[in-house]
Amino acid sequence: MKEFGFYNDFDDALMLNEQIEINNENGDYLVSNSPKLKANIIAPEINFYLKNTTASVLEKAKNTLLLYEARASAFDMAKDVDYEKEVGKNVVIVSNSGREELANLLKENGYKVIELTHFEVKFIYGAAGELSVLVLRANDEFEVDCDFFLVENARDYMLKQSGCYEISGLKDEKVLEILNAKSPKFRYKSFTQYDSSICQYHERRTEICGRCAEVCPTVAILKEDETKHLVFSQIDCTNCGNCISVCPSGSLDSTLMPQSSFATIAKLYKDKVALIVSEEINLEELSVSLPQNVLPFVILAPHLLSQTHFLTLLQESGASVILYSKSLGKGEKDAISIVNQIYELKFKEQAIHHAKDKAELESALKKAKLIDGSQHSINEYALPKREIFAKRLELIVGENDLGVVKSGEMIRYGEVKINAETCTLCLSCVGACNVSALVADKKTNSILFNPSVCTACGYCELSCAEKNTISLEVGKLALKPETFVYSELAHDELFACVECGKEFATKKAVEKIAAIMQPRFGNDRAKIKALYCCADCKAKIMVQAQLNAMREDLLNG
């Protein structure tokens, strides 16, 4: 297999880099500009760019190679896994008007078909190859097992499982084509990767998140309430990206274009204005004049974009970004809002231009430009997305105080405050924070806080044993140097064991426990003294007290 193939159906001959093979016959390539050549990846943005750019012949050749390389990088760095599942040919068709001809066509092609109306279907669960339909009949209900579920005018719950298809408006032959492509091997990919260590739902005593499961249009992500675990069903995932865009900590990422892959591709766009287009856009039908420094940047869906993606592309390119998408979800809106606020305060420029239609796109193409001082490149290796954003934002802020930006509902920042007088440094809050916004410093016996990585989840408040000790102010991020360093919220001295002198706990913790327990011990000097001792000495004192008591009992007869 060769890397780059180009099918030339342009009127004129084109000058392309020698790494791109022009071939109008046949071949096998990694990336091609046209489905007329066999390739793993078809990249329609290449023809779109060549047809619409105003760049010079030489720049066209250089940039076309860049577009090929971007696609190849995404392929090489993808972390998806291919799966396949054996499925049979049992089909349920649900239609109130009847699809007899479809049923007959499927039977002729070896499928076993059961026809039902909407009134007979109570529920459906399972996955492709092992679906179960709960059927209502004559004051009774029973289950029908099937491999595929076809429905006209589906209700909301009917398309949540894999193997379920809306067939309204589809011709019988098209439905047969869909089923034949899925049987006897149902092939699917893993589209998301998950890091439970920074998940704001995983094993929390109280539910403080779970947005991914709430926005999932299928049953690909479910919450297991008892254990607070997320359950993933890759076979049911449609790769919409909704879960990724609303994840506050960055524990979810795309396998087809993870953050590391996105950053690598972004570096190719240095000194270019990136026009982000999702695969839902039909580029063959889009005709618009592209300024010479504008290059398309293809993504699967806008829901895959977080504030970290946007800032990575902005800094690596050193230019503003255009996002061409018909609609945006809450996650992308919040991401665009916070990044635009930052660039307005720092550069007095709009960072991201969102265009919903051709007219808005033409307007955005006139406004987008290189932003002086915006270009920065960092090594993102092994960093969570939240920390990547913080590091990149720190480069923008520098030594300045730029003011405050507001964070939205989906992208939250917060300021944690601790009442040092009532804090006993039990470190429950530190243990509760899995994004390292709160940490313990053993050298200074203190609790430190870094607002640049805080997700404002509130779990530190819920975990604190002391009343009115931790407070959280949500919704703002200060753009000043102090935001990116750990500052002290509370500290205490260590208490030395009154018996051996070993430091074993904070002074406030010992004094608090002693104040609670001492009245209960009355005049028992041993127990009272043990309150101020380390664990080893505490045991010795209590054993010695028991021996003394036994000796006195023996002496007293």
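Structure's up top.
Keep in mind that this is a model prediction, so the values were computed, not measured.

(A) Molecular detail of the overall build of the protein chain. Secondary structure assignment for the protein chain yields 16 helices and 30 strands. Relative to its length of 557 residues, the protein chain is extended, with a C-alpha radius of gyration of 31 Å against a globular reference of 24 Å. Projected onto the principal axes, the alpha-carbon positions of the protein chain cover approximately 110 × 75 × 40 Å. Within the protein chain, the fraction of its 557 residues that count as buried is 49%. For the protein chain, restricting intrachain contacts to residue pairs at least 6 apart in sequence, the fraction spanning at least 24 positions comes to 67%. Surface summary for the protein chain: the accessible area is close to 27500 Å², and the carbon and sulfur share equals 49%. Within the protein chain, one finds 64 positive and 79 negative side-chain charges whose respective centroids are separated by 5 Å.

(B) Representation of the sheet that holds strand β9 (residues 131-137) within the structure. Taken in spatial order, the 3 strands of this open sheet run β8-β9-β10, and their pairing is antiparallel. Strand pairing shows two members of the sheet lacking a second neighbour, β8 (121-125) and β10 (140-146), which therefore form its edges. Taken over all neighbouring pairs, the strand axes of this sheet differ in orientation by 20 degrees on average, direction set aside. Relative to β10, β9 runs antiparallel, the two sharing 7 bridges. Bridge assignment links S132 to a residue of β10, and that residue is D145.

(C) The packing of aromatic side chains, seen in detail. All told, the structure shown has 12 aromatic pairs when counted by the stated rule. Both rings, one in F389 and one in Y413, keep their centres 6.5 Å apart while their planes meet at 35 degrees; by these two values the pair is tilted. Here Y413 lies in the loop between β22 (403-406) and β23 (414-418) and F389 lies in helix α11 (residues 385-397), a separation of 24 residues in the sequence. Given the relative accessible area of 1%, F389 is considered buried. An aromatic cluster is built from Y83, F186 and Y188, whose rings are joined through pairwise contacts. In this structure, K182 is placed above the aromatic ring of F186, and the distance from its NZ or CZ to the ring centre is 5.1 Å. Just above the ring of Y413 sits the side chain of R386; from NZ or CZ to the centre is 4.0 Å.

(D) Here's a closer look at the pattern of salt bridges. Tallied over the full model, the rule gives 28 salt bridges. E279 is paired through a salt bridge with R71; the nearest N and O atoms lie 4.0 Å apart. One end of the pair, E279, is in the loop between β18 (273-278) and β19 (294-299); the other, R71, is in helix α2 (residues 57-77), and 208 residues separate them in sequence. The class for R71 is buried, based on a relative accessible area of 15%. A salt bridge links K185 to E84, with the nearest nitrogen and oxygen atoms 3.5 Å apart. Of this pair, K185 sits in strand β13 (residues 185-189) while E84 sits in strand β5 (residues 82-86), and the two are 101 residues apart along the sequence.

(E) Spatial organisation of helix α14 (residues 507-521). Taking 1.5 Å per residue as the helical rise, α14 with its 15 residues ought to reach 21 Å, and the 20 Å between its terminal C-alpha atoms agrees with that figure. Along α14, the sharpest kink reaches roughly 30 degrees, centred on A515 and followed within four residues by the proline P519. Positive backbone phi, approximately 60 degrees, marks G522, located one or two places after α14.

About the thresholds
Residues numbered from 1 in each chain as written. Predicted model: local features only at pLDDT ≥ 70, side-chain atom pairs only at ≥ 80, totals over all residues. Heavy atoms only, no water. Helix = DSSP H or I, 4+ residues; strand = E, 2+ residues; numbered from the N terminus. Rg over C-alpha atoms; globule rule 2.2 N^0.38 Å. Buried < 20%, exposed > 50% of the residue type's maximum accessible area, 1.4 Å probe, protein only. Contact = heavy atoms within 4.5 Å. Areas by Shrake-Rupley, 256 points an atom, 1.4 Å probe, with all protein chains shown as cover. Lys, Arg positive; Asp, Glu negative; His and termini not counted. Charge placed at Lys NZ, Arg CZ, Asp CG, Glu CD. Pairing = 2+ DSSP bridges. Axes fitted to C-alpha atoms, helices over the stretch in contact; angles between N-to-C directions. Phe/Tyr/Trp six-rings, centres within 6.5 Å; stacked < 30°, edge-to-face > 60°. Lys NZ or Arg CZ within 6 Å of the ring centre and 35° of its normal. Salt bridge = Lys/Arg side-chain N within 4 Å of Asp/Glu carboxyl O. Expected span 1.5 Å × (residues − 1). Bend = angle between axes of the 7 residues up to and from the residue.

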